[in-house]
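# Coordinate inspection notes
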Amino acid sequence: HEPEFDYLKSLEIEEKINQIKWCPRQNSAHFILSTNDKTIKLWKVFEKSLRVVSENNLNDGQRPLPPPTSATALRLPRLQQQDHIIAATPRKVYANAHAYHINSISINSDGETYISADDLRINLWNLGISNESFNIVDIKPVNMEELTEVITAAEFHPQHCNLFMYSSSKGTIKMADMRESALCDKYAKMFEEEEDPSNRSFFSEIISSISDVKFSRDGRYILSRDYLSLKIWDTKMESRPIRTIQIHDHLRGKLCDLYENDCIFDKFECMFSGDGSHVMTGSYHNYFRIYDVEGPSDVILQADKSAFKTAKKDVGAQKPALPLDAVDFSKKILHGSWHPRENTVAIAATNNLFIWSGPEVQSIHATSPTTA
């Protein structure tokens with residue numbers, strides 16, 4: 001992605017990538033879908049062999065040869081493999097379809113379509129067609145002064161190509177069925193937990209905003225992340241989550257300070273493990289946490305080079321890893337990924353990429369970081 005300029009709105013579009021998704025593999029090459037605030041690109045990533053001429057009519061590869069004196073002395077040049085490189089080329093560019101910043105993309109289980117979501121709309125694309133998309137969700141009011149919520153994330157169901165969900169800044173998750181109508185403004189299900197009126201405060205609406213949602217691999221459960229907690233929902237029960245895991249409950253007393261330094265608006269991602277038995281999300285001071293879905297197990301790891309000597313610290317889910325005064329809020333783990341078949345996680349921290357791998361989550365160990 002490169003810096004662009006929206007001449008219609010006189011806005012600079014940063015090259016900063018908001019999200020990356022792997023496409024289903026169909027041949028030896030990999031395909032990746034990536035997006036910045038306005039433009040989505042489909043990339044082909046492949047291994048390429050570099051070959052050089054090792055022998056020709058004037059050189060046998062070791063020393064010069066005299067020019068051939070007859071046609072029978074001519075010989076074909078020989079190529080020798082010199083190196084393998086990883087190459088990436090953009091195959092499709094999907095542009096000019098979003099008026100607002102794109103926050104998420106999700107590839108359908110059919111392998112042919114994907115959705116892209118911005119603050120107010122969700123568009124449906126065909127991977128092979130870059131010049132048109134279909135608007136399937138539009139929550140923009142006629143009068144923008146009546147705007148009460150925005151879309152924060154969207155994802156396709158992993159098994160049913162007609163189902164997708166999207167979360168909102170009001171703390172709701174809506175599931176829609178594309179078979180019912182072309183415009184999915186009417187949701188099939190809405191997952192929402194009623195807030196205790198006694199806990200309402202000035203910050204209630206901000207901290208209840210959902211920053212990320214994920215389906216489990218079988219599509220039975222939904223994982224959502226707001227500022228203070230992780231919630232696991234059963235798709236068959238809309239009234240309340242089956243489990244709530246407190247991540248930042250110890251920060252409730254500092255919400256005013258976090259509002260002033262804008263940390264309260266940080267968007268933390270969340271993810272299921274490949275088998276759905278564990279969930280993971282990030283926190284401050286370059287900490288991230290892995291939880292057992294069924295039990296109380298909680299593993300906390302730090303994505304920091306100095307933490308490689310003591311990579312694992314078991315802590316109780318209800319107590320912070322550090323005293324509040326010692327927490328560095330400028331160091332935060334917002335992005336991560338879990339391998340679909342292995343207990344391997346990748347964590348982005350500042351300008352480093354850290355990879356942890358282990359036979360089971362409880363004994364994850366740290367490997368050398370790679371500079372991003």
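Rules and cut-offs
Here the residue index of a chain counts from 1 through its sequence in written order. Only residues with pLDDT of at least 70 get local features here, since the model is predicted, and only at 80 or more are side-chain atom pairs given and counted; chain-wide, interface and lining totals rely on the full set of residues. With hydrogens and water excluded, all non-hydrogen atoms of the structure serve as input to the side-chain values. We count a stretch as a helix when DSSP gives it H or I for four or more residues in a row; a strand needs E for two or more, and each element gets its number in order from the N terminus. When accessible area is computed with a 1.4 Å probe and restricted to protein chains, residues below 20% of their type maximum are described as buried, those above 50% as exposed, and intermediate ones as partly exposed. The contact criterion used throughout is that any non-hydrogen atoms of two residues lie within 4.5 Å. The Shrake-Rupley method, run with a 1.4 Å probe, gives the accessible areas here. Residue values count only the displayed protein chains as cover. In short, DSSP must find at least two bridges between two strands for them to pair. Working convention: axes come from line fits to C-alpha atoms, limited for helices to the stretch in contact. Angles between N-to-C directions cover 0 to 180 degrees. Patch definition: residues with relative accessible area over 30% and no salt bridge; like charges joined within 9 Å; nonpolar side chains (Val, Leu, Ile, Met, Phe, Trp, Tyr) joined within 5 Å. Take a side-chain nitrogen of Lys or Arg and a carboxyl oxygen of Asp or Glu: if they are within 4 Å of each other, that pair is a salt bridge.

## Examining the overall build of the protein chain
- The helix and strand inventory of the protein chain stands at 2 helices and 28 strands.
- Burial statistics for the protein chain: of 372 residues in total, 43% are counted as buried.
- Sequence separation of at least 24 residues holds for 50% of the intrachain contacts in the protein chain that already meet a minimum separation of 6.
- Surface exposure of the protein chain reaches about 20,400 Å², of which carbon and sulfur atoms provide 50%.

## Re the sheet that holds strand 6 (residues 78-94)
- Spatial ordering of the open sheet is given by 3-4-5-6, a layout of 4 strands whose pairing is antiparallel. The two strands at the open ends of the sheet, each matched to only one other strand, are strand 3 (19-22) and strand 6. Across the sheet, the mean angle from the axis of one strand to that of its neighbour is 30°, orientation sign disregarded.
- Note that strand 3 and strand 4 (residues 30-35) share 4 bridges and pair antiparallel. The residue of strand 4 that forms the bridge with I20 is S34.

## With respect to a nonpolar patch on the surface
- The grouping of F202, Y259 and F265 at the surface amounts to a nonpolar patch, some 320 Å² of accessible area in total.
- Along the polypeptide, F202 turns up in the loop between strand 14 (189-191) and helix 1 (204-208).
- Residue class for F202 comes out exposed when judged on its relative accessible area of 59%.

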